[in-house]
Amino acid sequence: MSEYSHREIEKKWQDYWQQNGTFSVSNESELPKYYVLDMFPYPSGAGLHVGHPLGYIASDIYSRYKRLKGFNVLHPMGFDSFGLPAEQYAIQTGQHPAITTEQNITRYIEQLKNLGLSYDWNREVRTSDPSYYKWTQWIFSELFNSWYNNDTDKAEPIETLTARFSQEGNAKINAPTDEDTPAFTAEEWNSWSEEAQYKMTLKYRLTYVADATVNWCPGLGSVLSNDEVKDGVSERGGFPVIQKLMRQWMMRITAYAQRLIDGLDTVDWTESLKEQQRNWIGRSVGALVKFPVWEEREDGGKGEGNIPSSPSSLSSPSSLSSPSSYIEVFTTRVDTIYGVTFMVIAPEHELVDVITTAEQREEIDAYIAMTQKKSERDRMSDVKTVSGAFTGAYVLNPFSGEKVPVYIADYVLAGYGTGAVMAVPSGDQRDWNFAKHFDLPIIPILDAQKEIETQADATKEGKYINSGIINGLTYNEATQKLINWLEEKGIGKGKINYRLRDAVFSRQRYWGEPVPVYYKNDSEGQPVPYLLDLNELPLNLPEVDKYLPTENGEPPLGRAQGWEHGSGNGYELSTMPGWAGSSWYWYRYMDPKNNEEFASKEAIAYWKDVDLYIGGTEHATGHLLYSRFWNKFMKDRGFVQEEEPFKKLINQGMIQGRSNFVYRVKGEDYSKPVFVSAGLKSQYEVSALHVDVNIVENDVLDVEKFKATRPDIAGENAEFILEDGKYICGVEVEKMSKSKFNVVNPDDIVERYGADTLRLYEMFLGPLDQAKPWNTNGIDGTYRFIRKLWRLFYTETGQWQVKDVPAKPEELKTLHKTIKKIGEDIENFSFNTAVSAFMVCVNELGSQKCQSKEVLQQLVILLSPYAPHISEELWAALGNEAGMVSKAAFPVFEAKYVQESVFEYPVQINGKVRASLTFPLDTPPAEIEKEVLADATVQKWMEGKPAKKVVVVPKRIVNVVI
């Protein structure tokens, strides 16, 4: 074969791998296991662009490498196939989402197989397959049937809770529960009906129904996650999103907050990613403080008579036990409490309606309506805008007795802390800005605070002033004294708090997992949720006439005819969120055909966890957090063995698009547009327009194709002002997207250059974890490397030139230098430098005219993880069993081949290098000195002068002083 034909060779070996199940893996092996996992994709209609395969290629290289190193490697692929895009397409076209999803998956699989990725396709999973989501529903059921025991610090079956209720009531139960859970004795529990007992357990279960403030999108008829909302509108469709209190299924992830933090110390993730999760969970050490609401007395007077003159005079009146008579605040700086000059509560706070005065009602209602249009993320991130509204109400500072006005503001969120903030403008910049905006007092509280007239000072240094019982104390002294007083009076306590909130688990959509629940009315006529039995799973999605909410506002499942349980009770109408199916999928890959369990105990015992996980940073506070939560729960219940699911995690960087632009001259007749080449645009007033990069080569536009593809702006009458007969486009690096016309299809690259070239080039672009721009122009160099490699084996005329002859020392040196470099680089995930090492190696072997099979066969094995198709072809041509390069052993580095036997000494004469001489490494310094002084070149530069001193530094340099 004289020429390297990538089309023929790559199809040949892809067919071979599929027909022979080359990468199928067994759950039984004497080899050590290694589990490599990609974050599985959502199959969008657009298919893959060249940025998507970056992580897949990297994981494939590492999987192939670990096979060569003697591991039994599990490397699967599947599809996160429930999702909003398919549902929106179904709404627009009426086509069932399953049809669209199937078409998209078929396209994805074709593209992935074209890249030569060594997946075990026998283990493919799809979250929208009923045989898969049966087990997602089962996990939901197990969560529903569990509670969290803080004393044992793990989830337990609900039966252990009810057993304790029957023996001791709930006084000693240390568990997360609903806020309105009443106290009861064992006698009371045992006297209740079965229905009443069941309803009480609903307050403890790890998944439960509650009212929650959510991102509600009327245009989509569904709740959205924070990630699906951008600038107050839905990311898909651009529909307005409001904050709305809705009845939702919730997951009690907060029970695992501390374990989610602690577990980060046990995994090999980047510190920045760990910090994102720590910040999201938001552990804070502080205090809960109750601020009594100041009210008018029944005699028409005001409540000043209740204001204490000192903390010791404020008792714990029974009125404070009612939630409507105080506002509770969590603060990490209780030491600043004497500096509180106002309070801010969330617009959604349950007391807003209760405390707002008639005079302020209109302003408060208007502000709440405005807030509902913002997502929580927007509210948290907007630190510049100051806004709020006065409720007309006041609370009392429990320490000073001062009246404190209560405002609402959108920067306080109902779900964070208690939904209320005690504002200390002298110590917090946001509070300071608010105080300045509303002309509220700013009280200094520490003698070390400086320039609080111009900005807040959050120092903890110095001693307290204007602070009652803590005047003159330091931070540590003051904090403990205040907490002790709060606990003594029963109006506060020291507390560890978390920013993390329970996860909303409902979506008012069609294309998602049905929740395995039906509702039965209790004796009071209220619907109560009950689980389906395991033998009733999966609960399959029903057919509906439209994928829209019903006319009375119910989710799309409300359209299903006969959507009810066998008992005649209606099913849950919401579906699960997108993250449900992706929170456990790595276990299904271990045993994907099992109809009796989500995975067998034997498979889980063998594979245990994921050794290497590769995916994007965008999942840091979504998928990765929920996956760790579900994994810890399943470990608690004995279903899995490991506390953390992903040992090592690498976030691949983004491959950015390289956009091209044409420049249309402004002010011209749009029926006869004029486009000027980039180098001439400074002579005109122009508008820059994106142009399809696929009709641009080396920044030169194919003008005729441009006219044909964009008749809307470049019709037949368009004029093009050229440079040297060419239209040169402008260039900019941007995110790759269809709207910017800079999407490069990997299929086109594979067709033109081959998958091996694409794989090598994507790795060569730069470090795996960093962003880098795509430039199709640069791929030619990688393609030349592939052909240069081919020429080591075949002559220009197609003659095989590899011979079974001993390798020369310089060839072995090149080979083993490369073995060492490639092994180190793969272990360090430095794939780009490994590609460089291959290029150097092939150049050196070419210069050495290497024809030794001993050397070239080792090179083929080394290269096979990166360029598997050409490696398989050459492996077979070398006389080895066809299709078996992946079963070979990774070459062993032998240091003896790279050790130098001689050293070339630079010779300096009076500080300047004038010559270089080579000596065996064991040559004595005296012998080196003798031969240096006798050398003709050295003699010439010495000009007949005697040497005053000769210094020989072994393996470094020779200095001659004359």
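Before reading on, note that the structure itself is shown above.
Residues numbered from 1 in each chain as written. Predicted model: local features only at pLDDT ≥ 70, side-chain atom pairs only at ≥ 80, totals over all residues. Heavy atoms only, no water.

Peer 1: An account of the overall build of the protein chain is needed here, citing residue identities and associated values.
Peer 2: When you go through the protein chain residue by residue, the secondary structure sums to 28 helices and 33 strands. Across the 962 residues of the protein chain, 53% fall into the buried class. Counting only contacts in the protein chain whose residues sit at least 6 apart along the sequence, the fraction spanning at least 24 positions is 72%. Here the protein chain has roughly 42,400 Å² of accessible surface; of this, 48% comes from carbon and sulfur atoms. Both charge centroids of the protein chain, one from 103 positive and one from 134 negative side chains, sit 6 Å from each other. (Helix = DSSP H or I, 4+ residues; strand = E, 2+ residues; numbered from the N terminus. Buried < 20%, exposed > 50% of the residue type's maximum accessible area, 1.4 Å probe, protein only. Contact = heavy atoms within 4.5 Å. Areas by Shrake-Rupley, 256 points an atom, 1.4 Å probe, with all protein chains shown as cover. Lys, Arg positive; Asp, Glu negative; His and termini not counted. Charge placed at Lys NZ, Arg CZ, Asp CG, Glu CD.)

Peer 1: Describe the nonpolar core, with residues and values.
Peer 2: The biggest cluster of nonpolar side chains holds 174 residues, and the ones touching the most others in it are Phe598, Trp630, Trp774, Phe793 and Tyr866. When residues in this core are grouped by element, the largest group, nine residues, is from helix H24 (residues 831-847). Apart from the residues lying within four places of it in its own chain, the contact partners of Trp630 are Thr136, Ile139, Leu143, Met251, Phe505, Trp579, Ala580, Ser583 and Trp584. Listed in part, the 51 residues of the second largest apolar core include Val289, Val340, Ile364 and Phe399. (Core = buried A, V, L, I, M, F, W, Y, C linked by side-chain atoms within 4.5 Å.)

Peer 1: How would you summarise the pattern of salt bridges if you had to cite specific residues and measurements?
Peer 2: Applying the stated rule across the entire model yields 46 salt bridges. Of the charged contacts in the structure, one is a salt bridge between Arg278 and Asp265, with a shortest N-O distance of 3.4 Å. Taken together, the residues span a long stretch of sequence, with Arg278 in helix H10 (residues 271-281) and Asp265 in the loop between helix H9 (257-262) and H10 at a distance of 13 residues. According to the relative accessible area criterion, Asp265 is exposed, its value standing at 59%. A salt bridge links Asp609 to Lys647, with the nearest nitrogen and oxygen atoms 3.9 Å apart. (Salt bridge = Lys/Arg side-chain N within 4 Å of Asp/Glu carboxyl O.)

Peer 1: Describe the sheet that holds strand S20 (residues 610-615), listing the residues and the values that go with them.
Peer 2: Spatially, four strands are ordered S2-S1-S20-S21 in an open sheet, and the strand pairing comes out parallel. Of all the strands in the sheet, just strand S2 (72-74) and strand S21 (646-651) have a single pairing partner and so form its edges. Across the sheet, the mean angle from the axis of one strand to that of its neighbour is 20°, orientation sign disregarded. Strand direction decides the pairing type here: strand S1 (residues 33-38) and S2, joined by three bridges, are parallel. Residue Tyr35 lies in a different strand from S2, and its bridge partner there is Leu74. Along the sheet, helix H2 (residues 53-68) contacts S1, S2 and S20; its crossing angle with S1, the most-contacted strand, is approximately 170°. (Pairing = 2+ DSSP bridges. Axes fitted to C-alpha atoms, helices over the stretch in contact; angles between N-to-C directions.)

Peer 1: So what's going on with the packing of aromatic side chains? Residues and values would help.
Peer 2: Counted under the stated rule, the structure contains 70 aromatic pairs. Plain terms: the ring middles of Trp579 and Trp630 are 6.1 Å apart, the flat faces sit at 70° to each other, and that makes the pair edge-to-face. Taken as a pair, Trp579 in the loop between strand S19 (527-531) and helix H16 (585-590) and Trp630 in helix H18 (residues 623-636) lie far apart in primary sequence, 51 residues in all. Residue Trp630 is classed as buried on the basis of its relative accessible area of 0%. Seen from their ring centres, Trp586 and Phe646 are 4.9 Å apart, and the 65° between their planes marks the pair as edge-to-face. Taken together, the residues span a long stretch of sequence, with Trp586 in helix H16 and Phe646 in strand S21 at a distance of 60 residues. Judged by relative accessible area, Trp586 falls into the buried class, the value being 0%. By relative accessible area, Phe646 is classed as buried at 0%. A cation sits over an aromatic face here: Lys403 above Trp294, 3.9 Å from the ring centre. Residue placement shows Lys520 over the ring face of Tyr530; its charged tip is 4.6 Å from the ring centre. (Phe/Tyr/Trp six-rings, centres within 6.5 Å; stacked < 30°, edge-to-face > 60°. Lys NZ or Arg CZ within 6 Å of the ring centre and 35° of its normal.)

Peer 1: Hey, could you go over the environment of Pro182 for me, with residue numbers and the actual values?
Peer 2: Of note, Pro182 is situated in the loop between helix H6 (158-168) and helix H7 (186-191). Other than its neighbours up to four places away in sequence, Pro182 contacts Asn170, Met200 and Lys203.

Peer 1: Hey, could you go over the pairing of strand S18 (residues 517-521) for me, with residue numbers and the actual values?
Peer 2: Here S18 pairs with S19 via five bridges, running antiparallel. By the bridge assignment, Asn521 is partnered in S19 with Pro527.

Peer 1: Explain the pairing of S20 residue by residue, including any values.
Peer 2: With respect to burial, S20 is a largely interior element, six of its six residues being buried. Bridge analysis of S1 against S20 gives three bridges, and the strand direction is parallel. Across the sheet, residue Leu37 finds its bridge partner in S20, namely Tyr613.

Peer 1: Residues and numbers for the packing of H10 against H18, please.
Peer 2: Two elements in contact, H10 and H18, have axes separated by 11 Å at closest approach and are oriented at 75°. What the angle tells us is that H10 and H18 run roughly perpendicular. Here Leu273, Gln277, Trp280 and Ile281 of H10 come into contact with H18, specifically with Leu624, Leu625 and Arg628. A breakdown of the residues in the contact of H10 with H18 according to their chemical character gives five nonpolar, one polar and one charged. (Parallel < 35°, antiparallel > 145°, perpendicular 65-115°, else oblique. Nonpolar A, V, L, I, M, F, W, Y, C, P; charged D, E, K, R; others polar.)

Peer 1: Can you lay out the environment of Gly798 for me, pointing to particular residues and giving the numbers?
Peer 2: Tracing the sequence through the fold places Gly798 in the loop between helix H22 (779-791) and helix H23 (809-827). Exposure remark for Gly798: the relative accessible area of 15% places this residue in the buried category. In the structure, Gly798 is positioned 761 residues away from Leu37 in sequence and 40 Å away in space, judged by C-alpha atoms.

Peer 1: Lay out the sheet that holds strand S33 (residues 957-961) with the relevant residues and their values.
Peer 2: Read from one edge to the other, the open sheet built from four strands follows the order S31-S30-S33-S32, with strand pairing classed as mixed. Only two strands of the sheet have a single neighbouring strand rather than two, namely strand S31 (912-920) and strand S32 (949-953). For this sheet, the mean inter-axis angle between neighbouring strands, taken without regard to orientation, is 20°.

Peer 1: Run through the side chain of Ser141, naming residues and quoting values.
Peer 2: The topology assignment puts Ser141 in helix H5 (residues 130-144). We classify Ser141 as buried; its relative accessible area is 7%. Beyond its immediate chain neighbours, meaning those up to four positions away, Ser141 contacts Pro516 and Leu531.

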